[in-house]
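Summary of structural features
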Amino acid sequence: MIFYIGSFALVLTGLYIAAAKKNLIKIIMGLSLVDTGVNLFLISIGYIKGGTAPIFSNAAIPGKTMVDPVPQAMVLTAIVIGLAVTALALSLVIKAYYHYGTLNVRKIKELKW
Amino acid sequence: MRKLVSIILLGALAFGLVQAVKKIPFGVQKTKVGKYYVERGIEDTGSSNIVTSVVLNYRGFDTLGEVTILFAGAIALGAVLFTGKKRIEREVYPASPILSTACKFLFPLILLFGAYIFIHGHLTPGGGFQGGAIAASALLLIFLGCPGRKTDGRKTRLMESLGGIIFVLAGLLGLAYGGFFLFNFLPKGTVNNLFSAGIIPVLYIVIGFKVASEIAGILDNLFGETE
Amino acid sequence: MVVSPVLLIAVPLLLAFIAPLCGKAAKYIPPAGALFNLILSVILIPTVLKSPMIVSIGGFPPPFCINLFVGPLGIFFAALISLAGFLISIYALSYIRERAVGKYHTLYLLLLTGATGVVLTGDIFNLFVFYEILCISSYALTAHNAHWHRHGTEAAVKYLIQGSVGSAFILLAIGMLYGFFGTLNMADLAKHIARAHSSVLFIPLTFFIAGFGVEAAIFPLNAWLPDAHSVSPAPISAIFSGIAIEIGVYAIMRVVFTLFGAPLSVMSVLLIVGLLTLLVGEICAFRQNNIKRMSAYSSIGQIGLIVFAFGLATKSGITAGLFQITSHALSKILLFLTIGYMIYSIRMKNYPDKYVTEIEINSLNGLGKKMPLTSLGFAIAAFSLIGFPPFIGFSSKLLIVKAALLKGGIYAVLMGIALIATVIEGAYFLKVVQGIYFRKGEVEGIKENNVFILVPFFILAALIIFAGIYPGILTKILNSSSGELLNRIGYIGRLPG
């Protein structure tokens, strides 16, 4: 249960940062936190009490005590997606700074927000 | 004001999340799909790492999408940072002898470790993405420790594309041989051997190279400065 | 021997990986990929209409592997995407000619692939993956040539922030569903959800609608759309308005109807949301001075109408909604492409060195004589969007009205409100058309002579008029598609075992 609480705390903190902060870099950090929280949530869904990694290299470990492999595969995908989005976001921030000379979102509003 | 509104909204969200999660049992055996994978995984795919067999065999299509996302991210980053001008060479200060020697010493070791991780993806924890990221960290070390040395952008791009092409072609070969896209058409071999699990190690090696070159390309783009 | 529908995704992907290696020839790759998909999906239509195709990937029995569910709805969308993608890529051959050209074409093809994957897959997590491909390429294409285009950068930053929050919600909802039912296959999930207590389903459903709603730009999640659609180059605006937001609507409808069985309360909420989106979009569009921004707001309005039609949750309503999607896609693409050509010509004459993607409405005055074909195309698209006969927009709006009246009661009243919004739409489009033809402007020395740009106009205009006169050609596939959405038991029953 503590995993669920922790992951939601991460998600909520990230969303708060994304909504309330003015600095673009901080907003992107907030989005990364949200991603991390969601990943933690997915992993903890697959958790089984006392379970081990689902790898059969040691024949002594029975399959029953292994955690669910599907969320792990999903999280692998989600991490890569998060990486791609963060990299793209940072490159956009570089360009935004180049054009506007500031990272404050309140000042970057030539278009209507 | 903005903060207050967001806190109220987040409070509502937290309430909803707690309501939903109360119904999800924690820490117990529950899912039929996961159970099937653990029970049948070795027999079906020949890979002793079940996560790998899920990633590359049962849900290989997701992984193809994932590879595509990374590819799209790298291309997108290049497109956003594209200036059409020649890069200016920044004034660089040579690193201290200790730093550069250590970088040169560690570089092959880290590369080797990365390669180990992605070659043994079907046997031990790890795989193409993890191994690729480790190998890319070796390149990052060179970027930082030995100023002036960098990867050749054209070669990393070639590597990225080749990786993707081989992945899709392997899928199409599966379609031609077995009737299913991404069908595991190579012999499965003996479990726990390096040469086992059919196309899984092949794909993971391809992914490893692709991820390493993609991340190196991203780093190179981010380092690059034009006027 | 039937061709495997998986080629609809695999071949464009392969081409997208090849594209960066081709150098200057990269621009011919998107038309090739889209044409291949168009031919293949048209070939597959008769087979799919007989019975939907389930294609397992990896060779294990569903739900243990990812499978494609190629039903009438999926193949209809795949054909629409590839048709639109083909025409726009022909246009882009000569329209996108400066700066980051090769990367543009790769990302464009990836966008098409992502969209095709979303509509064909039968697995909820796989749907999310393809949706992310679509989103990432959209973020980057919004900021195309960011180095010369400050507004593009700003719009892309906004789009990316809102879009990735939306994606996080989708992933949370997927995680919850997996936690409840332990499966990701949509047919299997639908089977479990049909038996589950409704109290556990409320939160995931809300998250799905909120997450996909960002891409679909339903009110109040549409803040990014006017910026992103107006500042990006014309072919991108066209593909966004014609395809990308429709994919968002598709995803919402797939989740709501197939997974959750369209509970009445949710459908009523969607109906109201659709109506609000329609009103907000049209009223905002009326107040714009910038032609592309106006069209972008008009897209929000049209999406509202589509969601409204789906919200009726009857067979005729869904068919009408799908018809409206087709008509909006064709008309809005033609509209954006013609606007783009006008902007391009004016820009090339006045300030060839600047990178301009937007223009004021007044600057178009008097273009009717200088660019007769383009202006005609614009007028056809605008009239179709307003809903004048004999264009396709008329048939689709008529179907929506019929569907609402068939349901009667309060729905007929709501339809009346929706029609008021249509009148507003008529007002602002007619204003522009009048300006183009009857006002005097300072446009001298502008010609239209680019065949690659004009041919897509002809094809789109011909399709708009033809489908407007003979709406019957679309009815069969649309009827089976709406049947597929409503027939949840049938969808579940396709799952072997």
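As a convention, each chain's residues are numbered from 1 in the sequence order in which they are written. Lettering for chains starts from A, numbering for ligands starts from 1, and both go in the order in which the items are written. For this predicted model, a pLDDT threshold of at least 70 governs which residues receive local features, and a threshold of 80 or more governs which side-chain atom pairs are given and counted, while totals over whole chains, interfaces and linings are taken from all residues. Based on all heavy atoms of the structure, the side-chain values leave hydrogens and waters out of the count.

Considering the environment of B:Gly198
All names here are of chain B. Relative to the helices and strands, Gly198 resides in the loop between helix H7 (153-178) and helix H8 (199-223). For the pair Gly198 and Gly46, spaced 152 residues apart in sequence, the C-alpha separation works out to 7.5 Å. Contact between two residues is taken to exist if any of their heavy atoms lie within 4.5 Å; hydrogens are not considered. The residues contacting Gly198, other than those within four sequence positions of it, are Asn184, Leu186, Pro187 and Lys188. In DSSP terms, a helix is any run of H or I states spanning at least four residues, a strand is any run of E spanning at least two, and both are numbered starting from the N terminus.

Looking at the pattern of salt bridges
Throughout this description, the term salt bridge denotes a Lys or Arg side-chain nitrogen within 4 Å of a carboxyl oxygen of Asp or Glu. Taken as a whole and assessed by the stated rule, the structure comprises nine salt bridges over all chains. Across the salt bridge formed by B:Lys210 and B:Glu214, the nearest N and O atoms sit 3.1 Å from each other. Taken as a pair, B:Lys210 and B:Glu214 lie in helix H8 at a separation of four residues, close to a single helical turn. Using a relative accessible area of 2% as the deciding quantity, one classes B:Lys210 as buried. Here the term buried applies to any residue with accessible area under 20% of the maximum for its type, exposed to any over 50%, and partly exposed to those in between, with areas from a 1.4 Å probe on protein chains only. Residue B:Glu214 is classed as buried on the basis of its relative accessible area of 0%. Of the charged contacts, one joins C:Asp188 and C:Lys191 as a salt bridge, the two residues approaching to 3.8 Å between their closest N and O atoms. Of this pair, C:Asp188 and C:Lys191 both sit in helix H7 (residues 186-195), separated by three residues, roughly a single helical turn.

Some details on the packing of helix H4 (residues 60-81) of chain B against H7(B)
Residues and elements named next belong to chain B. Between H4 and H7, the least distance of the axes is 11 Å, while the angle of their chain directions is 160 degrees. Accordingly, the angle class assigned to the pair H4 and H7 is roughly antiparallel. With respect to the hand of their crossing, H4 and H7 are arranged in left-handed fashion. Of H7, the residues touching H4 (which contributes Gly60, Thr63, Leu64, Val67, Phe71 and Ala74) are Glu160, Ser161, Phe167 and Val168. Counted by class, the contact of H4 with H7 contains six nonpolar, three polar and one charged residues. Helix axes use the C-alpha atoms of the stretch in contact, all axes being lines fitted to C-alpha atoms, and the angles between their N-to-C directions lie in the range 0 to 180 degrees. Any angle between 65 and 115 degrees counts as roughly perpendicular, while under 35 counts as roughly parallel, over 145 as roughly antiparallel, and the rest as oblique. In a left-handed crossing the near helix is turned counterclockwise from the far helix by less than a right angle, and in a right-handed crossing that turn is clockwise. Residue type decides the class: Asp, Glu, Lys and Arg count as charged, Ala, Val, Leu, Ile, Met, Phe, Trp, Tyr, Cys and Pro as nonpolar, and the leftover types, Gly among them, as polar.

Side note on a nonpolar patch on the surface
All names here are of chain C. On the surface, a cluster of nonpolar side chains totalling about 430 Å² of accessible area is made up of Leu373, Val451, Val455, Phe458 and Ile459. Along the chain, Val455 turns up in helix H18 (residues 451-469). Relative accessible area serves as the criterion here: at 36%, Val455 is assigned to the partly exposed category. Patches here: salt-bridge-free residues with over 30% relative accessible area, like charges joined within 9 Å, nonpolar side chains (Val, Leu, Ile, Met, Phe, Trp, Tyr) joined within 5 Å. Here, Shrake-Rupley sampling with a 1.4 Å probe gives the accessible areas, and only protein chains in the shown set may cover a residue.

Re the packing of aromatic side chains
Only the six-membered ring of Trp is used, alongside the rings of Phe and Tyr, when aromatic pairs are assigned; centres must lie within 6.5 Å, and planes under 30 degrees apart are stacked while those over 60 apart are edge-to-face, with the rest tilted. Summed over the entire model, instances satisfying the criterion amount to 29 aromatic pairs over all chains. Ring plane angle 40 degrees and centroid distance 4.2 Å describe the contact between C:Phe69 and C:Tyr491, whose orientation is recorded as tilted. With C:Phe69 in strand E2 (residues 67-70) and C:Tyr491 in helix H20 (residues 488-493), the pair connects residues that are 422 residues apart, well separated along the chain. Here C:Tyr491 falls in the buried class, since its relative accessible area comes to 4%. Here the aromatic rings of C:Phe466 and C:Tyr470 are separated by 5.2 Å at their centres, their planes lie at 50 degrees, and the arrangement is tilted. Given a relative accessible area of 42%, C:Phe466 falls into the partly exposed group. An aromatic cluster of at least three residues, connected via ring pairs, comprises C:Tyr91, C:Tyr95, C:Tyr341, C:Tyr344 and C:Phe457. The side chain of C:Arg150 reaches across the aromatic face of A:Tyr100, ending 4.6 Å from its centre. We count a charge as sitting over a ring when the NZ of a lysine or the CZ of an arginine lies within 6 Å of the ring centre and within 35 degrees of the ring normal.

Side note on helix H2 (residues 32-45) of chain B
What a helix should span is 1.5 Å times the count of its residues minus one. In this model, H2(B) (14 residues) spans 18 Å end to end at C-alpha, consistent with the 20 Å of a helix rising 1.5 Å per residue. At B:Glu39, H2(B) shows its largest kink, close to 50 degrees. When H2(B) is considered as a whole, its buried residues turn out to be B:Val33, B:Gly34, B:Tyr36, B:Tyr37, B:Val38, B:Gly41, B:Asp44 and B:Thr45. Considering only its buried residues, H2(B) is in contact with helix H3 (69-100) of chain A, helix H3 (50-58) and H8 of chain B together with helix H6 (150-181) of chain C. Bend at a residue means the angle formed by two fitted axes: the first through the 7 residues ending at that position, the second through the 7 residues beginning there.

Focus on the interface of chain A and chain B
The interface is formed by 41 residues belonging to chain A together with 47 residues belonging to chain B. With both chains or domains summed, chain A and chain B bury close to 4000 Å², and 76% of this area falls on carbon and sulfur atoms. Looking at the side of chain A that touches chain B, the elements with two or more residues in it are helix H1 (2-20), helix H2 (24-45) and H3 of chain A. When residues in the side of chain A that touches chain B are grouped by element, the largest group, 16 residues, is from H3(A). When two parts are put together, the accessible area they lose, computed with a 1.4 Å probe and summed over both, is reported as buried area.

Describing the interface of chain B and chain C
Taken together, the contact pairs 52 residues of chain B with 57 residues of chain C. Interface area for chain B against chain C, summed over the two sides, is near 4700 Å², with a carbon-plus-sulfur share of 79%. By the criterion of area lost to chain C, the three top residues of chain B are B:Arg59, B:Phe61 and B:Phe82, representing 14% of everything that side buries. Seen at the junction of chain B and chain C, the total is one salt bridge. Between B:Arg59 and C:Asp123 there is a salt bridge whose closest N-O contact spans 2.8 Å. Pairs of N or O atoms are called polar contacts if they sit within 3.5 Å, as long as, within protein, a hydrogen donor faces a hydrogen acceptor (for residues adjacent in sequence, only side-chain-to-side-chain pairs). Taken together, chain B and chain C are joined by four residue pairs in polar contact (both at pLDDT 80 or more). Sorting the residues of the side of chain B that touches chain C by element identifies helix H1 (2-22), H2, H3, H4 and H7 of chain B as the ones contributing at least two each. Looking at the side of chain B that touches chain C, the element that brings in the most residues is H4(B), giving 16 residues. Residue composition of the side of chain B that touches chain C, grouped by class: 29 nonpolar, 13 polar and 10 charged.

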